[in-house]
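Structural characterization, general
One letter stands for each residue in the lines below.
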Protein chains: 2
Amino acid sequence: MKIAVIGGTRGLGEWIARFLKSKGFDITVTGRDEIAGERVSKKLGVNYTCSNTIAASQADIIIVSVPIDVTSSAIKEVAPVMKKGSLIMDVTSVKEEPSRIMQEYVPHDVEVLPIHPMFGPRIRSLDGQVIVVTPTNRGKWYNKVYNFFEKENARIIVTTPEIHDQMMSVVQGLTHLAYISIAATIEKLDVDIKESRNFASPIYDLMVDMIARIVAQNPYLYYSIQTHNKYTKKTHETFISIYKELNEMISSGNEEGFVKVMGSAAKHMDDLEAALGRSDKAISALTEEVNILKGSIGKEVGLRHIYSGKVHIGILKGLSPDFLTLEINGKKTKLKLSNVEILSDKEIYDLKVENYPHKTYFVSAVFPENCSPDIIVNTIEGLKGVIYASVDDMYHGSQIPSGKISITIKYEVINPDARFDVENLLKGFGAVIR
Amino acid sequence: MKIAVIGGTRGLGEWIARFLKSKGFDITVTGRDEIAGERVSKKLGVNYTCSNTIAASQADIIIVSVPIDVTSSAIKEVAPVMKKGSLIMDVTSVKEEPSRIMQEYVPHDVEVLPIHPMFGPRIRSLDGQVIVVTPTNRGKWYNKVYNFFEKENARIIVTTPEIHDQMMSVVQGLTHLAYISIAATIEKLDVDIKESRNFASPIYDLMVDMIARIVAQNPYLYYSIQTHNKYTKKTHETFISIYKELNEMISSGNEEGFVKVMGSAAKHMDDLEAALGRSDKAISALTEEVNILKGSIGKEVGLRHIYSGKVHIGILKGLSPDFLTLEINGKKTKLKLSNVEILSDKEIYDLKVENYPHKTYFVSAVFPENCSPDIIVNTIEGLKGVIYASVDDMYHGSQIPSGKISITIKYEVINPDARFDVENLLKGFGAVIR
């Protein structure tokens, strides 16, 4: 099956091309920048053409993944040349406009499926990710795509383009603009964010982090999410009028009015108790982490970088609010606290097993004949630093006293010192090492 | 030392009375509601009087902990009757107004110390809690109070009432009003919050939880936080004008202007990378939890209620987005997911050790004479379900073959089945159980 990803040379488009290529599809990406196109073509092993119409005329599925402002024109360009019986999808974060244009411009017998993947190009798989699907007609392609997403364990929401856009005017439109405005207000009032964090609770800290998260995004994308959704206007106007109304209530001493608005809004929320519990847990996960580290100074800790996945195991030497210092093989490494997560003892051990060189040793010892070799090797395997143990040989011979048996045990360790523990264990139970 | 807590019969005032009583101070609480007063007096073992002036005239320290609107009148009532050399503090969430009134109304030689504890009455200790202190003069009391907080491991911020109030107009004033307005907008637009969560990312989920957290608070308190801080007016006006400006940029197609505001606000944030990392970690802590539970269906899990601390250990039978079902001793219990946290294997084990009945057993076995009893008891202690093991007796007698020794080991288990493991271990190494 041939899939053309229009705008597949970067961002989400590139991610889609890579993902579908890994699933075995024949992929062609397009994009205006020929250098980027050749690079992606080589990197992902996909075809590249700078011509949207060439790619479109040969494809069974077209996925339009270009910035919102040029989505309509890209659709108008590719739709008319599509093959009979093919499918066109777009992945824009608004759905009404692209949906209408796709339906208008595709030839008869081409299926239209507007979708909104609610994730960015940093994810590794579709597992657990939300994809909103707004089918206009549910043909054979709809079922195929739906089944594909389902097999990938995505969370699929099927709705109409209208409901999607109304919902998004709140989920994205309102929250983005409110957060950007809070950040801009803090800037305008010249409040020092870092100082303000000192004054406040962990809840405020997390709020500020969420605000920072939003304003750190691509402002061009955030602008187009606002402008291409016809419902955001009403949402913003409603918000402004409510905020102004509350502010006036405060100025004029209208306590009753304020209490009524706040109480009524609270009643409309879905489950206040659950919200409290979840946010408490999110916050305690962050404080807990700092507490664990405080108690681990001078001890071995294992840390994983939350984005790269790189693991650092070493002795924790220092801890400041933002950084920590690990000593690894006598060398000090400074890591940013917010970028690493603490590994459990089991994870550290498993990683050591995986990454440290294993050494194999043999030990022969004389046991009473009525012993159980299985129990002996299991007990050895339970020692710290021992990965594996097995019976290599059992020997009844002239050198072995009667009523006794010599057992040779083969075992692997990650730390050669574990040899002493193995030998001490055997001697401790009265075995004689040969 | 006698401490009067004005308004000590409920909320934070009651918390302060309980806390200081536990530290050994002689506490008198006041409050208009005599029934509540008698109840608190009995519950906490403190004195109660409905007369603020009686309490104030006898106290070495007065702590004013009444709602903001009546703080000024309470101060005016108690300040004039205070003893020479005493201290007056207030714990209101604004500082300029009470600070000014306390200074104006106290007799000569009374020290004034306005503070703002940044926590509610749900906390258990001052450890790690933020307390903002805005001393107007730093006398002998200031040092005493500072040292007390320091010993309790509180995070103390010393600043002026003005800076405190300016900061709070953002930290509380702006964030509260923005969140309340978002919630009220969602209500007005009749958006179904639960449905909107389906459409969105875990980040949005956490945002909604934070909004719910704010609107679930006491609206009278939130109103007074707004009205008693003279800086909130300017903050709200700035916010409204920025929001309107951004909305106009969106309507009029002023992409450049929008991008500039958002980019500049982003630059003013303290550390975008850290904010991203921390919020990613907070979110992954929540998703991680669900993943662990999904993998634990049919297995034993331990859960702790995040508020009551109550622990439930049982077999996980079912998991829905909001609830989970545990089977404990054959009985099914339904728990709200947002209210419980998962215990680690080590925590479950420690709890079992603490709460399950312990059984003591003895085992006597014959070992080679050259064995090491220490190693044997350590190995037994390492077995699952065994809490403790020790050598009870060692015996060389006529019944014991030469070259052998009989050792009696005493051990405690939480699960009687562990006895078989102990005996199998000893037999496995060739010992003969007597």
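Our subject in this report is the structure included herewith. (Residues numbered from 1 in each chain as written. Chains lettered and ligands numbered in written order. Predicted model: local features only at pLDDT ≥ 70, side-chain atom pairs only at ≥ 80, totals over all residues. Heavy atoms only, no water.)

**Here we look at the sheet that holds strand 8 (residues 155-158) of chain A**
Residues and elements named next belong to chain A. Rules: Think of it this way: DSSP has to see at least two bridges between two strands before they count as a pair. Runs of E in the DSSP output that reach at least two residues are strands. Runs of H or I that reach at least four are helices, and both are numbered from the N terminus. Note on geometry: axes are lines fitted to C-alpha atoms, helical ones only across the stretch in contact, with angles between N-to-C directions running from 0 to 180 degrees.
Judged by pairing direction, the sheet is mixed, and its eight strands sit side by side in the order 3-2-1-4-5-6-7-8 without closing on themselves. Edge positions in the sheet fall to strand 3 (47-49) and strand 8, since each of these pairs with one other strand and no more. The mean inter-strand angle of the sheet, taken between neighbouring strand axes irrespective of direction, is 25°. Where strand 2 (residues 26-30) lies against strand 3, three bridges are found, and the strand directions are parallel. Within the sheet, the bridge partner assigned to T30 lies in strand 3 and is T49.

**Observations concerning the relation of the copies chain B and chain A**
Quick reminder of the rule: Alignment of copies: least-squares fit on C-alpha atoms of residues with pLDDT of at least 70 in both copies. Only heavy atoms matter for contacts: two residues are in contact if any of them lie within 4.5 Å across the pair.
Of the transformation placing chain B onto chain A, the axial shift is 0.0 Å and the rotation is 180°, giving an RMSD of 0.1 Å. Those values place the two copies in the arrangement expected of a two-fold rotation axis. Of every C-alpha in chain B, the one belonging to B:A282 sits nearest the axis of rotation, 2.3 Å from it. When the interface residues of chain B are mapped onto chain A, 100% of them are again interface residues, pointing to one common binding face.

**As for the interface of chain B and chain A**
Heads up, the condition is: In this description, buried area is defined as the sum, over both parts, of the accessible area (probe of 1.4 Å) that is lost when the two are combined. Salt bridge, as used here: a side-chain nitrogen of Lys or Arg that lies within 4 Å of a carboxyl oxygen of Asp or Glu. We define a polar contact as two N or O atoms separated by no more than 3.5 Å, with the added condition that, inside protein, one atom must be a possible hydrogen donor and the other a possible acceptor, whereas residues neighbouring each other in sequence contribute only through side-chain atom pairs. Throughout, the ten residues Ala, Val, Leu, Ile, Met, Phe, Trp, Tyr, Cys and Pro are labelled nonpolar, Asp, Glu, Lys and Arg are labelled charged, and all others, Gly among them, are labelled polar.
Each side of the interface is counted separately: chain B has 131 residues, and chain A has 132 residues. The three residues of chain B that bury the most area against chain A are B:F199, B:Y243 and B:F429, which together make up 8% of that side's buried surface. On inspection of chain B and its partner chain A, the count reaches twelve salt bridges. We note a salt bridge from A:R197 to B:D270, for which the minimum N-O separation is 2.8 Å. At the junction of chain B and chain A, the tally comes to 42 residue pairs in polar contact (both at pLDDT 80 or more). At 20 residues, helix 7 (residues 161-188) of chain B tops the list of elements feeding residues into the side of chain B that touches chain A. Of the residues in the side of chain B that touches chain A, the class split is 73 nonpolar, 30 polar and 28 charged.

**Some words on the pairing of strand 9 (residues 300-305) of chain B**
Residues and elements named next belong to chain B. Both strand 9 and strand 10 (residues 311-319) contribute to a ladder of five bridges, which runs antiparallel. From the neighbouring strand, E300 faces strand 10, where its bridge partner is I315. Taken together, strand 9 and the strand that follows it, strand 10, pair antiparallel across an intervening segment of five residues, in which G309 is found at a positive phi of about 80°. In this sheet, strand 13 (residues 340-342) lies alongside strand 9 in antiparallel orientation, the contact comprising three bridges. What sits directly across from L303, in strand 13, is I342.

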